[in-house]
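Residue-level structural notes
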Amino acid sequence: DPEFAQFFADFAFDEVPLQDDLDDRSRMMAILAALIGSQSTETFEAMLPAALGLGVTPVEVKELVYQSTPYVGMGRMLPFLYAVNELLEHRLVSLPLEGQATTTEDTRLEAGAQKQVDLFGEDMADFYQSGPEETRHINRWLAENCFGDYYTRTGLSDAQREMITFCLLIAQGGCEPQVVSHVRANLRVGNDRAFLIKVVSQCVPYIGYPRCLNALRCIDEAAEQVAESNGE
């Protein structure tokens, strides 16, 4: 389909990247995360060499894929992990890569709860103990698994992990409450409104306008909440 290939390439690989000054590494990590969120395995495989060529490291790619697990689930993450491993092996990268874990079974809950506080504020200090008894274990898992196992890993900064999570969520659709929450976390770690709009802009060719427009609405909603809480 040469005609389609031409106008899509002109838009996705020329017009969109030139829209703003988002650095190439952030742009590629955002796109890879959005492709996982939208389950676009073939496009992920096509974009992965470009991401590595633009400076995204093997560790960062691996951590990005790992980071997706609590947000898309193991079943939807696994094809992307296979794709990364296949490409790295083809490039003669020695696997497994150096471990990035910083927690143990004994420390993951405390470290995860602290990470929630760091990202979302003091209201999260005892969140893992909150809620009805029959569902309280889910909140505990959020602290010790989602944040204690994943967010405490090295290889990516908090700001990078929150940008990746934002892209994973907006690409799935139907996650708007979680998107708003993670926009607030992004703002808290320094990914400001202008940066997040740039990120959404770079995702347009890969996840479409409806989900990107919903993401922009979530950004504004979260920014308004932050302004209200600051008395602005």
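See the structure above.
To keep things clear, this report deals only with the structure shown in the data block. Just so we're clear, the structure is a prediction, and the values are computed from it rather than from any experiment. (Residues numbered from 1 in each chain as written. Predicted model: local features only at pLDDT ≥ 70, side-chain atom pairs only at ≥ 80, totals over all residues. Heavy atoms only, no water.)

Re the packing of aromatic side chains
Short version of the rule: Any pair of Phe, Tyr and Trp rings, taking the six-membered ring for Trp, is counted once the centres come within 6.5 Å. Such a pair is stacked with planes under 30 degrees apart, edge-to-face with planes over 60 apart, and tilted for the rest. Exposure categories follow from relative accessible area, calculated using a 1.4 Å probe and restricted to protein chains: below 20% of the type maximum is buried, above 50% is exposed, and the middle band is partly exposed.
Counted under the stated rule, the structure contains six aromatic pairs. Measuring from centroid to centroid gives 6.1 Å for Phe-8 and Phe-13, while their planes differ by 90°, and the two rings are edge-to-face. Accessibility expressed as a relative area gives 26% for Phe-8, which makes it partly exposed. Each ring, one from Phe-120 and one from Phe-147, has its centre 5.9 Å from the other, and the planes form 90°; the classification is edge-to-face.

Re empty space enclosed by the protein
What counts here: Think of a 1 Å grid over just the protein atoms. A cavity is a set of points where a 1.4 Å probe fits yet cannot get out, a pocket is an open set with protein on both sides within 12 Å along at least five of seven lines, and lining residues have an atom within 4 Å of a point. Grid points are joined across faces, edges and corners, and a volume is the space filled by probe spheres set on the points. Under the DSSP-based scheme used, a helix requires at least four consecutive residues in state H or I and a strand at least two consecutive residues in state E, with every element numbered from the N terminus. Nonpolar residues are Ala, Val, Leu, Ile, Met, Phe, Trp, Tyr, Cys and Pro. Charged residues are Asp, Glu, Lys and Arg, and all others, Gly as well, are polar.
Tallying each qualifying case throughout the model produces one cavity of 30 Å³ or more. Computed from the structure, the largest cavity encloses a volume of approximately 40 Å³. What lines the largest cavity is Leu-169, Ile-170, Gly-173, Cys-175, Glu-176, Val-179, Arg-211, Asn-214, Ala-215 and Cys-218. Contributing elements (two or more residues each) for the lining of the largest cavity: helix H8 (158–172), helix H9 (176–188) and helix H11 (209–229). Considering every element that reaches the lining of the largest cavity, the biggest residue donor is H11, with four residues. Taken together, the residues of the lining of the largest cavity break down into six nonpolar, two polar and two charged.

Some points on the layout of surface pockets
What the largest pocket holds in volume is close to 390 Å³. Lining the largest pocket we find 18 residues, and of these Phe-120, Met-124, Phe-127, Ser-181 and His-182 sit closest to its centre. Its residues assigned to classes, the lining of the largest pocket shows nine nonpolar, six polar and three charged. In this structure, the second largest pocket occupies an estimated 170 Å³ of space. For the second largest pocket, the full set of lining residues is Leu-119, Phe-120, Ser-181, Arg-184, Ala-185, Leu-187, Arg-188 and Val-226. Only helix H6 (108–120) and H9 provide two or more residues apiece to the lining of the second largest pocket. In the lining of the second largest pocket, the residues fall into five nonpolar, one polar and two charged.

As for a nonpolar patch on the surface
Keep this limit in mind: Each patch groups residues whose relative accessible area exceeds 30% and which form no salt bridge, using 9 Å between like charges and 5 Å between nonpolar side chains of Val, Leu, Ile, Met, Phe, Trp and Tyr. For the area figures, the Shrake-Rupley method with a 1.4 Å probe applies, and any residue is considered shielded solely by the protein chains shown. In what follows, salt bridge is the name for a side-chain nitrogen of Lys or Arg lying within 4 Å of a carboxyl oxygen of Asp or Glu.
Together, Ile-138, Trp-141 and Leu-142 make up an exposed nonpolar region whose accessible area comes to about 280 Å². Along the polypeptide, Leu-142 turns up in helix H7 (residues 136–151).

Some remarks on the nonpolar core
So the rule is basically this: Nine residue types can take part in a nonpolar core, namely buried Ala, Val, Leu, Ile, Met, Phe, Trp, Tyr and Cys, and a core is a set of them joined through side-chain atoms within 4.5 Å.
Ranked by size, the top nonpolar core spans 60 residues in total, and within it Ile-36, Phe-44, Leu-64, Val-65, Phe-166, Val-179 and Val-199 carry the most contacts. Ranked by the residues each element gives to this core, the list is headed by helix H2 (residues 24–37), at nine residues.

Structural notes on the packing of H9 against H11
Just so we agree on the cut-off: Axis angles are defined between N-to-C directions and span 0 to 180 degrees, where every axis is a line fitted to C-alpha atoms and, for a helix, only to the segment in contact. Throughout, the term roughly parallel applies to angles under 35 degrees, roughly antiparallel to angles over 145, roughly perpendicular to angles from 65 to 115, and oblique to all others. Each crossing gets its handedness from the near helix: less than a right angle anticlockwise from the far helix is left-handed, clockwise is right-handed. Whether two residues are in contact is decided by their heavy atoms, any of which lying within 4.5 Å being enough.
Put simply, H9 and H11 touch, their axes get as near as 8 Å, and they point 55° apart. With respect to H11, the element H9 is oriented oblique. In the packing of H9 onto H11, the handedness of the crossing is right-handed. On the side of H9, the interface is formed by Glu-176, Val-179, Val-180, Val-183, Arg-184 and Leu-187, while H11 contributes Asn-214, Arg-217, Cys-218, Ile-219, Glu-221, Ala-222, Ala-223, Gln-225, Val-226 and Ser-229. Split by residue class, the contact of H9 with H11 holds nine nonpolar, three polar and four charged.

Here we look at H6
Rule in force here: Any helix carries an expected span of 1.5 Å times its number of residues minus one.
Taking 1.5 Å per residue, 13 residues should reach 18 Å; H6 reaches 18 Å between its end C-alpha atoms and fits that length. Turning to H6, its buried residues number three or more, namely Arg-108, Leu-109, Gly-112, Ala-113, Lys-115, Gln-116, Val-117 and Leu-119. Among the structural elements, H7, H8 and H9 are those in contact with the buried residues of H6. Gly-121 sits one or two positions beyond H6 and adopts a positive phi of about 110°.

Some thoughts on the environment of Met-163
By the element assignment, Met-163 lies in helix H8. Note: C-alpha distance between Met-163 and Asp-118 (45 residues apart in sequence) is 15 Å. Among all residues touching Met-163, those that are not within four sequence positions of it are Ser-26, Met-29, Ala-30, Asn-186, Asn-191, Phe-195 and Val-199.

What to know about the environment of Val-93
As for its position among the elements, Val-93 is in the loop between helix H5 (74–90) and H6. Given a relative accessible area of 25%, Val-93 falls into the partly exposed group. Residues Val-93 and Pro-58, spaced 35 residues apart in sequence, show a C-alpha to C-alpha distance of 8.4 Å.

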